[in-house]
Amino acid sequence: MAMADQAGNQPAFRLSMLIYDSRYRSLTIQAVALMLFMLAVAWLLSNAASNLAALGKPLGFGFLSQPAGYDINQRLIEYNNQMSHGRAALVGILNTLLVAVLGCITATAIGIIVGVLRLSSNWIISRLMTVYIETVRNVPVLLWIILTNALLIESLPKIASFRGKDPASDLILWDSVAVTNSGTFIPSPVFGGGSGIVIAMFVLSLIAIVFFGRWAKARQAATGAILPTFWIKLAIFIIPALLFFFIMGRPVTLEYPEMARFRFEGGYVIRNSLISLWLALSLYTGAFIAEAVRAGIQAVSQGQSEAAFALGLRPNKTMSLIVLPQALRVIIPPLISQYLNLTKNSSLAIAVGYMDVTGTLGGITLNQTGREMESLMILMACYLSISITVSVFMNWYNESIKMKER
Amino acid sequence: MKKTIIFGAMAVAGMAAVSASAATLDDVKAKGELACGVNTGVVGFAAPDASGKWVGFDVDVCRAVAAAVLGDSNAVKYVPLTSKNRFTALASGEIDMLARNTTWTFSRDVDLKFTFVGVNYYDGQAFMVPKALGVTSAKELDGATVCIQTGTTTELNLADFFRSNGMSYEPVPLDTNAENQKNYLAGACDVYTTDASALASSRATFENPDDHVILPEIVSKEPLGPLVRHGDNQWGDIVRWTLNALIAAEELGVTSANLAEMSNGTNSPEINRLLGTEGSLGEMLGLSADWAKNALAVSGNYGEIFETHIGESTAIGLARGLNAQWINGGLIYSPPFR
Amino acid sequence: MSDLSYVRTEMLDEKDPPGGEAGIVTWIHKNLFPSIGSGILTVISIFLVYQLLAGILPWMFKSSWTASSLNECREAIHLAYGEGTEGACWSVINERYKQLLFGFYPSELYWRPILAFFLLFVAIAPVLFNKVPRKVLYFSAIYPFLAFWMVWGGSIWVPISAMLGLVVGYYASVILPAVIGSLGAIVAAMILPIVWWILLAGPVAGMLQGIVPISIESVGSDKLGGFTLSVLIGVVGIALSLPIGILLALGRQSPLFVVKIICVGFIEFIRGVPLITLLFVASTLLNYFMPPGTSFDLVLRVMIMVTLFASAYMAEVIRGGLAAIPKGQYEAADALGLDFWKATRLIIMPQALKISIPNIVSNFIGLFKDTTLVSIIGLLDPLGLTNAIRANQEWNGVVWELYAFVALLFFIVCFSMSRYSMYLERKLKTGH
């Protein structure tokens, strides 16, 4: 830009200067690039427009408000087959987010545990972890999803075996949870009168935990005394809510799954498709995260743990207080891309019949309405916005934990 | 310089836009092969065998058309299609005809602009349940978990059926017959619903077929047939009348065994017209006179094709039922060859 | 004097370590039971491994290899190992392994994809091993066209005339700078090959074929399937994505705003959406973007989308490589008076690519595994074929055997590549 100001002192402008004058050359190139790009885009769009017009399918999103006509088994919001395609898409988006969030949490847990254990001095453990990582990483995720699903279906008891006078399978956890090969049935809470107070108490204790944590940290910084924070936090977490639960006369009850004609009714059901997808994605992504964790730990110089040992910290404490926090800085960037991968891989849900957004909007809706262009545009926009949100958030987090260099 | 670049780009754009939209028949003849869309794999209807050759009930329709048009039943390029891309493949001209157990519906015919040339299999959606469940009617399925094959009319029919009977159900939507079968057999769903033919063919391969029953209710009409694009009537006629030739041949008693003999001329004028020894039906279609003879030489008439792939002598063991000739009380009926 | 050395001239033999530090018992103590917690973990893992093997091994070995249908398999296994035994029916693999490997490729022509596959190693050898003579690089340049010809067959003049497009581009970039300046030459080097491919390549190939007919039996894309298809899509994706990825990476770093925005937009868009949506585009939409009436087959469309997909990831890998190059290299190139393209071609890219090789390999592994997704849009890759095979009356109901075989195929290939990539990483590591 600064160069443009000097242009006045130069001899008169000639057309050839657009190419031979280094001040204008970059502008020329950009203009040409832009023009070529727009030409290409215009060409593609005009083709698409004329093709769609020939098929009598002008671009339009009206189909989103038409009744979908199909049912979805796993859903977070109310939905039935009389609701619109748009609603079905929303159910799908929420399902995608659900499995992505669940998957990221478990994948991180698996990744950290496996990554740490892989460096264990225990020969058999470290070898087993290596085998796990290598097997999982070198087989396609689609295959893992299908295999996990097949394994769950074949190995878990069928609902029929819970039926009858002398059932072959029993509910676990005091007759409250039924693990079957079509889904896991768990009790759902029923909120009676006065349950609001219990929930309010619960929220209050969560807030109290945060403040206590800060106070304990400040105290430790000031005096050096360490409180058993975990146990105290756990007490704050449980006791008040439990106290009020009984004071208010047990307002929150559980609705247990009951065997009906075909399956368990009542309570919540987590469909097998969700479980297998969740499990497969966690195991798969967990292996990649484990590698990132291992690399992160190995990036922390040996001297750090030696110094910690010299200070008298035990190996567990050394790992959790000295090594992992430092390793985290190396781990976070690959972790972000693994989270994004997991979210994108969740689109393979259709292989096991989990109705995520690819299954609803990009699957049945696309099939039934024949609106490929519009459905795929919305579908891509969904994933794109999820990806961008995740990466923006994680990058912000990454910035916030970066070593403050002075 | 800038001008040159723009002109260059425009030239590129212009040249690539050259379109080749000749008549499908000429296209097929020029390519020397028929691009036929088939299923990625449905027992009895379309599947590759060990040598990589596609076989099945739908596949034989492709082969018959290829034989009628090109005189070579092997001049077929099979394009396996999913339920998602079958219609775009046909609309975009990637395939010349689609024979992929596709239900003839109003919206597909009118809105998606395809011509269904006929019906080669009258099907209907049914339910299969394990015998141990003690269910005898689909009306007793309130609250059941149902395995369905997605991407078809099945899921809509299912929703309609349960809604109109005031019942609830849990759908388990899966992409392929194999996946559905796996889930159903393992007991992950109580009921498996899809077209009755597919249910029967699945059941036939179970370890204990007798442990499963197909409920009597047929909840939908699923006339399956080959289809072509709107707008090329000559090509539509060719596919339609090839299918009709297979059907008429059964009615007239022309089989692969007596084909050679009959094509020397018979006393029946209709057979003679069909096989091209009399009249000029082939010429009217723009094909050779022995087009129908070629089509029939591939694997016989409609009845023979049915028997070879899905009939009672096969493991699938489907009875003719609705798919019997009209003279035998079925719906299979060919307009006269005249 | 030399006799009187007080210094020992020979080393003593190594002594065995003290008894407490060696031997199998010590090893077990140190590595398996160093502490109580660790010991418990050891016991649990041994138990789990035993359970796993006890479940799988009998199934694997109480099997049938020669039956011709699943029912026959069951009977044979029951006959051999007693009623009620569940065993693997490897017969399906025995019957169909050729299909799983080669798809529908004519069996008498199997040597062509096999040869192309082995020549691939010759082509990438100069990249992977330093000792290979540099001249092999010429072969690497020819290889893509050769492989195309080997796999698809047809007239040899088609790949040759396609290759001539690159030759045209190359000479344009060598000869033209003197005539129309370096920028013009670069533009010409990009435009001329495209013009050649679109306008002249076809007619020239036809003409040459008319004069000197050399051709092998052509094999259509519909015959491609199985593992061959996976390898093909993977290799084409990576090979084509390399040049596009380099351009995108350079574009992303470019000071030219418009170029940068276009490149960043493209890269972030592709990386933000799942591959399966891009494959849906390939299977249902791509033909809409072409002029009415044109259509090319699904394999080609998938290759286009996979290439675009891989390019975005490749661009990021190469950007990483570029970022790792010390600034001094750029400055040194500037000091020598090299212009941007010369500096990039001669100084920057060779180094950046070398650093990037391990990441390119792992990129390839990822892409190769992702090729299984094409089964969802109806291509018959190994995973898609499992479905098609089960659609045969004889094999309806076979599950684990097919999946196990496909998983094993992918594992072998991906594992060896990842090992190689690790070896490279160690070799390239210059720090300590």
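Because the structure is a prediction, the values reported are computed rather than measured. (Residues numbered from 1 in each chain as written. Chains lettered and ligands numbered in written order. Predicted model: local features only at pLDDT ≥ 70, side-chain atom pairs only at ≥ 80, totals over all residues.)

What follows is about the overall build of chain A. From N to C terminus, chain A includes 14 helices and 7 strands. The C-alpha atoms of chain A give 29 Å as radius of gyration, which overshoots the globular expectation for 406 residues (22 Å, by more than 25%). A principal-axis box enclosing the C-alpha atoms of chain A has dimensions of 95 × 70 × 50 Å. Counting every position in chain A, which comprises 406 residues, the buried fraction comes to 36%. Here the contacts in chain A between residues at least 6 apart in sequence split such that 66% fall between residues at least 24 apart. (Helix = DSSP H or I, 4+ residues; strand = E, 2+ residues; numbered from the N terminus. Rg over C-alpha atoms; globule rule 2.2 N^0.38 Å. Buried ≥ 20, exposed ≤ 12 C-beta atoms within 10 Å, placed from the backbone. Contact = placed C-beta atoms within 7 Å.)

Residues and elements named next belong to chain B. Along its sequence, chain B is organised into domain 1 (24-122 + 224-328) and domain 2 (125-220). The gap between the C-alpha centroids of domain 1 and domain 2 is 30 Å. Listed as interface residues are 14 residues of domain 1 and, on the opposing side, 11 residues of domain 2. Each residue belonging to the side of domain 1 that touches domain 2 can be placed in one class, and the counts come to 7 nonpolar, 6 polar and 1 charged. (Domains from an automatic or database assignment. Nonpolar A, V, L, I, M, F, W, Y, C, P; charged D, E, K, R; others polar.)

This part covers the interface of chain C and chain A. Chain C puts 43 residues into the contact, and the matching count from chain A is 47 residues. Counting residues per element, the side of chain C that touches chain A draws most heavily on helix H15 (residues 400-428) of chain C, which supplies 8 residues.

Attention now goes to the nonpolar core. With 264 residues, the main nonpolar core has Cys36 of chain B together with Leu279 of chain C as its most contacted residues. Looking at this core element by element, the count peaks at 15 residues for helix H10 (residues 272-299) of chain A. Each residue touching Leu279 of chain C, except ones within four places of it in the same chain, is listed here: Val302, Met305, Leu373, Val374, Ile376 and Ile377 of chain C. (Core = buried A, V, L, I, M, F, W, Y, C linked by C-beta atoms within 7 Å.)

The domain boundaries assigned to chain A delineate domain 1 (85-187 + 270-401) and domain 2 (189-255). Placing the centre of domain 1 of chain A and that of domain 2 of chain A at their C-alpha centroids yields a distance of 29 Å.

Residue and element names in this part refer to chain A. Spatially, 3 strands are ordered S1-S2-S7 in an open sheet, and the strand pairing comes out antiparallel. Since the sheet does not close on itself, it has two edges, and those belong to strand S1 (178-180) and strand S7 (268-271), each with one partner. On average, adjacent strands in this sheet sit at an angle of 15° to one another, irrespective of strand direction. Strands strand S2 (183-186) and S7 of the sheet are contacted by H10, whose axis makes an angle of about 55° with S7. (Pairing = 2+ DSSP bridges. Axes fitted to C-alpha atoms, helices over the stretch in contact; angles between N-to-C directions.)

Turning next to helix H12 (residues 315-345) of chain A. Spanning 31 residues, H12 of chain A covers only 36 Å between terminal C-alpha atoms, well under the ideal 45 Å at 1.5 Å per step. Those residues of H12 of chain A not exposed but buried are Val323, Ala327, Ile331, Leu335, Gln338, Tyr339, Leu340, Asn341, Leu342, Thr343, Lys344 and Asn345 of chain A. (Expected span 1.5 Å × (residues − 1).)

Taken together, the contact between chain B and chain C spans 39 residues of the former and 36 residues of the latter. Looking at the side of chain B that touches chain C, the elements that each hand over two or more residues are helix H1 (2-16), strand S2 (47-48), strand S4 (76-81) and helix H7 (177-185) of chain B. Class assignment for the residues of the side of chain B that touches chain C results in 19 nonpolar, 14 polar and 6 charged.

Now for the confidence of the model for chain B. All names here are of chain B. Across chain B, the average pLDDT comes to 86, with 93% of residues at 70 or higher. Here residues 1-21 is modelled with pLDDT under 50, and outside its nearest four sequence neighbours on either side it reaches 26 contacts, counting other chains as well. Both confidence scores are given for the complex: pTM 0.88, ipTM 0.87. (pLDDT = per-residue confidence, 0-100.)

What follows covers the packing of helix H8 (residues 226-253) of chain C against helix H13 (residues 340-370) of chain C. Residues and elements named next belong to chain C. Taken N-terminus to C-terminus, the directions of H8 and H13 make an angle of 145°; their axes are 11 Å apart at the nearest point. As for the relative orientation of H8 and H13, their crossing is right-handed in sense. Residue-level contacts link Ser230, Gly234, Gly237, Ile238, Ile246 and Leu250 of H8 to Thr344, Met349, Phe364, Leu367 and Phe368 of H13. Its residues placed into classes, the contact of H8 with H13 shows 7 nonpolar, 4 polar and no charged. (Left-handed = near helix turned anticlockwise from the far one by under 90°.)

Bringing the sheet that holds strand S9 (residues 144-149) of chain B into the picture now. All names here are of chain B. Spatial ordering of the open sheet is given by S10-S9-S11-S8-S12, a layout of 5 strands whose pairing is mixed. For this open sheet the edge positions go to strand S10 (169-174) and strand S12 (212-214), each flanked by a neighbour on one side alone. Each strand of the sheet is rotated relative to its neighbour by a mean of 25°, with strand direction disregarded. Looking at chain direction, S9 and S10 are connected through 6 bridges and run parallel. When the bridges of S10 are listed, Thr145 appears paired with Glu170. Where helix H6 (residues 154-164) meets the sheet, it contacts strand S8 (125-130), S9, S10 and strand S11 (191-195), and its direction lies at approximately 155° from that of S9.

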